[in-house]
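Here's the letter readout for the chains.
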Amino acid sequence: MKKNVFILLISMAMAITTNASAQDVQDKRTEEKWDKVFPLSETVNHRKVEFKNQYGITLVGDLYTPKSGGNGMALAVCGPFGASKEQSSGLYAMRMAERGFVACAFDPSFTGESGGEPRRTSSPDINTEDFLAAVDFLSCLPDVDEEKIGIIGICGWGGIALNAAAVDPRIKVTVASTMYDMCRVNGNGYFDENDSEEARYAARKAMAAERTKAARTGKLTQGGGVVDPLPADAPQFVKDYYDYYKTSRGYHPHSGNSNDGWHTFGCQAYSNARFLYYINEIRSAVLIMHGEKAHSRYFGEAAYKYMVEGKATGYDAVRKPNPVPGNKELLIIPDASHCDLYDGGYTELEGKGMAKNRIPWDKLVDFIKKNMK
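Attention here is on the structure that accompanies the text.

About the cut-offs
Residues numbered from 1 in each chain as written. Predicted model: local features only at pLDDT ≥ 70, side-chain atom pairs only at ≥ 80, totals over all residues. Heavy atoms only, no water. Helix = DSSP H or I, 4+ residues; strand = E, 2+ residues; numbered from the N terminus. Buried < 20%, exposed > 50% of the residue type's maximum accessible area, 1.4 Å probe, protein only. Salt bridge = Lys/Arg side-chain N within 4 Å of Asp/Glu carboxyl O. Phe/Tyr/Trp six-rings, centres within 6.5 Å; stacked < 30°, edge-to-face > 60°. Lys NZ or Arg CZ within 6 Å of the ring centre and 35° of its normal. Expected span 1.5 Å × (residues − 1). Contact = heavy atoms within 4.5 Å.

Mapped onto the fold, Phe-191 is located in the loop between α5 (182–188) and α6 (197–217). Residue classification places Phe-191 among the partly exposed residues on the basis of a relative accessible area of 39%. Taking the C-alpha atoms as reference points, Phe-191 and Val-60, separated by 131 residues in sequence, lie 34 Å from one another.

Bringing the pattern of salt bridges into the picture now. Pairing between side chains of opposite charge can happen when the charged atoms of each approach one another. Evaluation of the coordinates by the stated rule reveals 28 salt bridges. Where Asp-136 meets Arg-170, a salt bridge forms, and the shortest distance between an N and an O atom there is 2.7 Å. Of this pair, Asp-136 sits in helix α3 (residues 124–139) while Arg-170 sits in the loop between α4 (156–167) and β6 (171–177), and the two are 34 residues apart along the sequence. Residue class for Asp-136 comes out buried when judged on its relative accessible area of 7%.

This structure, assessed with the given rule, holds 24 aromatic pairs. Between the aromatic rings of Tyr-244 and Tyr-342, the centroid separation amounts to 5.1 Å while the plane-to-plane angle is 80°, which identifies the pairing as edge-to-face. Taken together, the residues Tyr-244 in helix α7 (residues 236–245) and Tyr-342 in helix α10 (residues 340–343) connect sequence positions 98 residues apart. The pair Tyr-244 / Tyr-342 is uniform in exposure class, with both members buried. Of note, Lys-36 hangs over the ring of Trp-34, and the distance from its end group to the ring centre comes to 5.3 Å.

Take α3 next. Structural remark: α-helix, 3.6 residues per turn; residues separated by three or four positions point the same way. Between its terminal C-alpha atoms α3 stretches 23 Å, which fits the 22 Å expected from 16 residues at 1.5 Å a residue. Of all 16 residues making up α3, 14 are buried, and the element is well covered by its neighbours.

The subject of this paragraph is the side chain of Arg-184. Relative to the assigned elements, Arg-184 resides in helix α5. Beyond its immediate stretch of four places on either side in the chain, Arg-184 contacts Gly-189, Asp-192, Arg-274, Tyr-298, Phe-299, Ala-302, Thr-313, Gly-314 and Tyr-315.

Quick look at helix α2 (residues 88–98) now. Taking burial as the measure, the 11 residues of α2 include 9 buried ones, the bulk of the element. If you check which residues of α2 are buried, you get Ser-88, Ser-89, Gly-90, Leu-91, Tyr-92, Ala-93, Met-94, Met-96 and Ala-97. Downstream of α2 by one or two residues, Gly-100 has phi in the positive range, about 105°.

Turning our attention to unusual backbone geometry. With glycine set apart, most residues show a phi of negative sign, and most peptide bonds adopt trans. Looking along the chain, the bond that leaves Gly-79 and enters Pro-80 is cis, with omega of -5°. Following the sequence through the fold, Pro-80 ends up in the loop between β3 (74–78) and α2. Even without glycine at this site, Phe-191 takes up a positive phi of about 60°. A positive phi angle, near 60°, is found at Asp-192, a position not held by glycine. Summarising the element assignment, Asp-192 is placed in the loop between α5 and α6.

As structure tokens, then:
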């Protein structure tokens, strides 16, 4: 049971010059049926947009703008890993647009409405590039100050956001919400329980066998999304994932986590990489926020410590302390679980009962505005 759950968890957690000119920015369609898992706010405008990353992959996003006029600041939003823009990232973008920001929630490469083949795959390089391409896109908009662009990454995209911030100083503020370090979890397993050469070798052999099978048959085997049906003895955080991705609360047909998941070696590149190596050199502002009760809390706490001090549990490298530590913050939200930071959380299953409102929107606005310079 433990081994099977681990495999399923990995699959579901796995949510410089470009062509982002004005000609590449276009409405995907003039009229559309609202297809998000949340209602459209009456105070924002919404339209579909497209832009390309440097690999020529077309990314599709939902652009949210405040009807009352913006503040010149813009945000690119993505995540969770394996989710789509109709879910949590879209909610974050819309809520920030309500507060005066231009915000674009986008599907990353190989996911949702965005391009890229094969589907349901991932790459530390291309996924990071997706964030940078979104910054390119936002910098071309007439109502955006190109000096005031930030990013928000949720779950696995929180770690990717940190990697993007480490490579691109145009990103003035980064928020990593309920983050995963995708390289760490793929290389070490959950809670570092498979952090050994033997365990990694076994995983490598299994993926190698799948690649040979795919080469011979021409078909990719899907690893499965969030476990369904839900085992009675599943860990609480697996139950939380099920409650978000598999019920009316957050289910969406574009989401790999809601449906067929990743193909069996779709996250192979992450398992052999450590892409947060230079986050101790991020000079721009970073807010890492996690729930007190989140199973993933250790990812955020370790990333924050390494980012500020240059050393932390789970990071083999020891580097210099951050040159600008004063604009870095770790926020632990009382009584919040991992998935509470997807949509705020609810007191009952399937998004019923009272809203718990665990996402600190006012804090996000204050932090971003203070540091968007």
